[in-house]
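# Structure assessment
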Amino acid sequence: MQSLVLYIGFGLVTASILCIGAVGFTLQFGISNLFNLAFGATMTAAAFVAYVCNSAGLNIWLSLVLATLAASVLSFLMNRGIYLPFERRATGKFTMIMVTLGVGIIIQYGIEAIWGGDNFSYNMAAGSPVHVASMLFTTTQLTVIAIAAVAATAVHVLLRYTRLGKAMRAVAVNARLARNCGIPVKAVVDSTWLISGALSGLAGVVLVIDVQVLNSGTGSDFFILIIAAAVLGGIGSASGAIVGSIIIGVVAEVAAGFINPEFKDISAFIILAVVLLLRPTGVISSIASAKEVAR
Amino acid sequence: MSGAWQFYIATLVIYAFVYIIAASGLNLQFGVTGVYNFAFIIFQAAGAYCTAVLTLGPSSANGAFQHYIVGLHLPFPLPLLISGVVAGLLGVGLGALTVRRLRADYLAIVMLVISLIATGVVTDYQGLFNGAAGLALIPQPFASLTSNLVVYDWLYALFAGIVCALVLIAVRMLIESPLGRSLRAVRENENAAAALGKNVTALRLLVFGIGGAIAGISGSVLVSFTQAWSPESWLYAETFVLFTALIVGGVGSNLGPLIGAVLVPVVLAEGSRYLPQFGPPTLVPSLEWIAIGVVLLAFLWFWPRGILPERKRTFPSAAVSRPLTSQTTGDLAVKDLEKESGPSR
């Protein structure tokens, strides 16, 4: 029982990182109706920006802020420079996936061309261990959880209580109707990519702070779990992404602890497969249903 | 030509045939029917693993240095055929799970995740196909014919070429047949096809099966040549390469997969594998990937229909070429489709 609580603690750390990424990914889908498969590569790019800042002598937390800003701008430019022009040509949904995958591959291997296949890590103070109930965290991990909590709360407040958030929700459910109601859809889409890009950068850096290994595939590998969490929670829904992240994160770590460390990813995917069979729109399905992702 | 060069070129030729087989299977799914199977590579892997465990002896051979299931030591054409059937059934199974209910791009994402699950399962369960290390020493089917390695490679290239030709002919016959017309109808307008009495789900499942079987055959041909197969051989990015090949060659056209498979995987990816290295060891492969990504984006932007676009098909109008009886023209059109493809299911 004690060890179960311990593994749930580990799961909360993974869930926090997943949550930041999944909320960003799901927002992009909700507002742009587009699965951005370059999301994982953006995470890696941000983590490398933080690595460069960190190596130049900056504090890791300051590097995190700079990397988050960089990822925000990168995502914005990606959407404006590549995705929107393709969409303006009425490119099919599947072709858009190929476009995002192509962009992701170019970014990921661009990073590999510069830094090679080596592993890197940040230069930062090791956190001291902290016991919470019978869970064991380091102070760094607690910071990671706090960052995720703040980010999730901020997105919640944004969507629920601000004009921009209200506009975003309207665009997510029906972009044409939103435009006809006088909502500046273009500006809403731009802001969404800035925000979700920032979340991707934050997720990338926080991931490396937690696992302490960075290479050109770091973001893309973790991205699969993010997709699983977002789809499980109901693609397009921010609160769904949080629920999905907690389920995937906790189940993955508990399975890793009790069954076999290598069972970590597989268990998460088994949940996902079951959900897809029983309820393909995910747990919180309002936006996924509005976009008719499943029949 | 020196032996090394002949070896190199024969290898490239075999790879080209394998990619052409795989690309024509994917073309049937993606190009002709509009099914976005982002897990395509796992069917090639299924065929490869199936052939490997059927041709290898029992797992205890060679000092039991690798662990795997089955181990039947079957003689040559059997593993190839069984691999095709197994991969085809796997296709129908996975298709049945997903194809009925999901939107096209959502299906693609789900299949991508399935592809990664499969890699994870095979990597983590060592007893299945020897885990991350993969299977090695897979017997060569024609080893008894010649002991000269270069001659053997050319012999194998001939064999791969024959399999490739058979697959291309079969796929072409299918595409040009009335069934192929139904498949294109599903791609162009699912609701219209359904309204004409076509069972859209059954047709999609059918191409999941046939495409899977073709992928399985390509994997079987490949693994009997390379004699080794591991999770590294079928990462999801390989599916991306095949999709890029189709987009470059021409989605849905008969010769598109052939041109695309030669240009993208062989010339861009495999071609440089044996060239002199420059810079750090990861530089050349990463530049290859960047090149593939750039080629993909360029084609999607400038030539979205590919080098050899699918030709526009024209049919004489059934409704005007026959005298109208008491039936409406709509009935005639349905009758016509039924005549071409058998009674609707």
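Being a predicted model, the structure only gives us computed values, none of them experimental.

What counts and how
Sequence order as written defines the numbering, with residues in each chain counted from 1. As they are written, the chains are lettered A onward and the ligands numbered 1 onward, keeping that order. It should be noted that, the model being predicted, local features are given only for residues of pLDDT at least 70 and side-chain atom pairs only at 80 or more, the latter also being counted only at that level, while totals for whole chains, interfaces and linings use all residues. Numbering of helices and strands runs from the N terminus, with a helix taken as a DSSP run of H or I at least four residues long and a strand as a DSSP run of E at least two residues long. When we talk radius of gyration, it's over C-alpha atoms, and the globule rule is simply 2.2 Å times the number of residues to the 0.38. Using C-beta atoms placed from the backbone, we call a residue buried if 20 or more other C-beta atoms fall within 10 Å of its own, exposed if 12 or fewer do, and partly exposed for counts in between. Contact between two residues is assigned when their C-beta atoms, built from the backbone, lie within 7 Å. Residues enter a nonpolar core if they are buried, belong to Ala, Val, Leu, Ile, Met, Phe, Trp, Tyr or Cys, and are joined to the set through C-beta atoms within 7 Å. Given a helix with a known number of residues, its expected span is that number minus one, times 1.5 Å. In this classification, Asp, Glu, Lys and Arg are treated as charged, Ala, Val, Leu, Ile, Met, Phe, Trp, Tyr, Cys and Pro as nonpolar, and every other residue, Gly included, as polar. By definition, two strands form a pair when at least two bridges between them are found by DSSP. Interaxial angle, 0 to 180 degrees, is taken between N-to-C directions of lines fitted to C-alpha atoms, where a helix line uses only the stretch in contact. To sort the angles, those under 35 degrees are grouped as roughly parallel, those over 145 as roughly antiparallel, those from 65 to 115 as roughly perpendicular, and the leftovers as oblique. Take the far helix as the reference: if the near one is turned anticlockwise from it by less than a right angle, the crossing is left-handed, and if turned clockwise, right-handed.

## Considerations on the overall build of chain A
A count of helical and extended segments in chain A gives 12 helices and two strands. Order of helices (α) and strands (β) in chain A, N terminus to C terminus: α-α-α-α-β-β-α-α-α-α-α-α-α-α. The C-alpha radius of gyration of chain A comes to 19 Å, within 12% of the 19 Å expected for a compact globule of 295 residues. With respect to the three principal axes, the spread of C-alpha positions in chain A is 55 × 45 × 35 Å. Expressed as a percentage of its 295 residues, the buried residues of chain A come to 55%. Sequence separation of 24 or more characterises 75% of the internal contacts of chain A that already satisfy a separation of 6 or more.

## Description of the overall build of chain B
Helix and strand counts for chain B stand at 15 helices and zero strands. When each of the 345 residues of chain B is scored for burial, the buried share is 45%. Nonlocal contacts in chain B, meaning residues at least 24 apart in sequence, comprise 77% of its contacts between residues at least 6 apart.

## Here's the deal with the nonpolar core
Formed by 211 residues in total, the largest nonpolar core has its most connected members in Val23 and Ala228 of chain A together with Val113 of chain B. Per element, the largest residue contribution to this core is 15 residues, and it comes from helix 1 (residues 3-33) of chain B. Those residues within four positions of valine 23 of chain A in sequence are excluded, and the remaining contacts are Ala152, Val155, Leu199, Ala238, Ala241 and Ile242 of chain A.

## Let's talk about helix 7 (residues 149-176) of chain B
Residues and elements named next belong to chain B. The end-to-end C-alpha distance of helix 7, which contains 28 residues, comes to 40 Å, matching closely the 40 Å that a straight helix rising 1.5 Å per residue would cover. The complete set of buried residues in helix 7 reads Asp153, Tyr156, Ala157, Ala160, Cys164, Val167, Val171 and Ile175. Against helix 1, helix 8 (178-188) and helix 10 (200-226) lie the buried residues of helix 7.

## Comments concerning the interface of chain A and chain B
Residue-level contacts link 33 residues of chain A with 33 residues of chain B. Among the elements of the structure, helix 4 (93-115), helix 9 (218-233) and helix 11 (263-278) of chain A are those that each provide at least two residues to the side of chain A that touches chain B. Per-element tally for the side of chain A that touches chain B: the top contributor is helix 4 of chain A, with 14 residues. Of the residues assigned to the side of chain A that touches chain B, the class counts are 22 nonpolar, five polar and six charged.

## Points about the pairing of strand 2 (residues 135-138) of chain A
Strand direction decides the pairing type here: strand 1 (residues 129-132) of chain A and strand 2 of chain A, joined by four bridges, are antiparallel. Paired with valine 132 of chain A across the bridge in strand 2 of chain A is methionine 135 of chain A.

## A few points about the packing of helix 9 of chain A against helix 5 (residues 104-124) of chain B
Running from N to C, helix 9 of chain A and helix 5 of chain B point in directions that differ by 130°, and their axes come no closer than 11 Å. Considering their axes alone, helix 9 of chain A and helix 5 of chain B lie oblique with respect to each other. When the axes of helix 9 of chain A and helix 5 of chain B are compared, the crossing they make is left-handed. In this structure, helix 9 of chain A uses Ile224, Ile227 and Ala228 of chain A to contact helix 5 of chain B, whose residues at the interface are Ile109, Val113 and Leu116 of chain B. The residue inventory of the contact of helix 9 of chain A with helix 5 of chain B, partitioned by class, reads six nonpolar, no polar and no charged.

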